[in-house]
Amino acid sequence: MANENPKTSRFSRILVKLSGEALMGQADYGIDPAVIKRIAMELEEINGLGVQLAVVIGGGNIFRGAGLARAGMDRVTADHMGMLATVMNALAMQDALESRGLYARVMSAIRINQVCEDYIRRRAIRHLEKGRVVICAAGTGNPFFTTDTAAALRAIEINADVLLKATKVDGVYSDDPVHNPKAERYRRLTFDQVLGQRLNVMDATAIVMCRDNRLPLQVFNLNNPGDLTRIVRGDEVGTTVSCE
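Residues numbered from 1 in each chain as written. Predicted model: local features only at pLDDT ≥ 70, side-chain atom pairs only at ≥ 80, totals over all residues. Heavy atoms only, no water.

Colleague: I keep staring at the overall build of the protein and nothing clicks. Help me out?
Modeller: Helix and strand content of the protein: eight helices and eleven strands. Its C-alpha radius of gyration of 17 Å places the protein within 12% of the 18 Å reference for a compact globule of 244 residues. Expressed along its principal axes, the backbone C-alpha trace of the protein runs to roughly 45 × 45 × 35 Å. Buried positions account for 50% of the 244 residues belonging to the protein. (Helix = DSSP H or I, 4+ residues; strand = E, 2+ residues; numbered from the N terminus. Rg over C-alpha atoms; globule rule 2.2 N^0.38 Å. Buried < 20%, exposed > 50% of the residue type's maximum accessible area, 1.4 Å probe, protein only.)

Colleague: Can you help me understand the packing of helix H5 (residues 147-157) against helix H7 (residues 204-212) in this one?
Modeller: Two numbers describe a pair of packed helices, the interaxial angle and the distance between the axes. The contact between H5 and H7 brings their axes to 7 Å, and the two run at 20°. Taken as axis vectors, H5 and H7 run roughly parallel relative to one another. In terms of crossing hand, the pair formed by H5 and H7 is left-handed. Of the residues in H7, those in contact with Asp148, Thr149, Ala152, Leu153 and Ile156 of H5 are Thr205, Ala206, Met209 and Cys210. Of the residues that constitute the contact of H5 with H7, the class distribution is six nonpolar, two polar and one charged. (Axes fitted to C-alpha atoms, helices over the stretch in contact; angles between N-to-C directions. Parallel < 35°, antiparallel > 145°, perpendicular 65-115°, else oblique. Left-handed = near helix turned anticlockwise from the far one by under 90°. Contact = heavy atoms within 4.5 Å. Nonpolar A, V, L, I, M, F, W, Y, C, P; charged D, E, K, R; others polar.)

Colleague: Which parts of the structure should I look at to understand the state of the cysteines?
Modeller: What is meant by a disulfide is a covalent connection between two cysteines, made through their sulfur atoms. Counting across every chain of the model gives zero disulfides. As a non-bridged cysteine, cysteine 116 has cysteine 136 as the owner of its nearest cysteine sulfur, 11 Å distant. Classification of cysteine 136 as buried rests on a relative accessible area of 6%. (Disulfide = S-S within 2.5 Å.)

Colleague: When you look at the sheet that holds strand E9 (residues 188-190) in this model, what are you seeing that I'm missing?
Modeller: Two orientations exist for strands paired in a sheet by backbone hydrogen bonds: parallel and antiparallel. The strand order E4-E3-E5-E2-E1-E6-E10-E11-E9 describes an open sheet built from nine strands, whose pairing is mixed. Every interior strand has two partners, whereas the edge strands, strand E4 (117-118) and E9, have only one. For strand E1 (residues 13-18) and strand E6 (residues 162-167), the ladder comprises four bridges, and the chain directions are parallel. Across the sheet, valine 16 pairs through a bridge with leucine 164, a residue of E6. (Pairing = 2+ DSSP bridges.)

What follows is the structure, encoded as structure tokens:
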């Protein structure tokens, strides 16, 4: 699905995966208004390039199901709470985008019709074709699956050109760069290398889904203003993970 105007964007349709923690900024919990406004501004810039844009947001800034389960809560209950947290983040992102004049739709994998739409693949694609930003909430709608897996699933369903994974570091490293200053940053990797070396990119289910459906993955640092736009314009930013 190559864009007809490569000088503007190298992609026609993308999905951006944001962690819930990315919305916290320097806080310990919740949403930093300044951070979500900055992210909305970058998404607005991408939308202005004519790129069809979908977003998946995690809920770790509010609740993380796996963490609650480790503390003794029933895993299914904990994961359902995590799904609801992603809906809250998605609504906040929708508000931030609409305050900038964009049209955005939150589509939830669990039924919560009074606050957002149900996720229906054909309807999501129709929203994208009309230039609306589609924000997919509630993960896959099932417990035991991460929002990384949800991002891979939704990107495949909507026929996205690429899955852009936002992190706190500028790509994939051989080790944790925070604790190991000698850690090597990879520019390009294959999905099999990620799985074989157990690199901390996304969970294994998401990586296998991307590999089997030949969906390229780009990992970048959300804290570097402008990196997201540079990726869309075709610059080499972060780490590219593909089949070859």
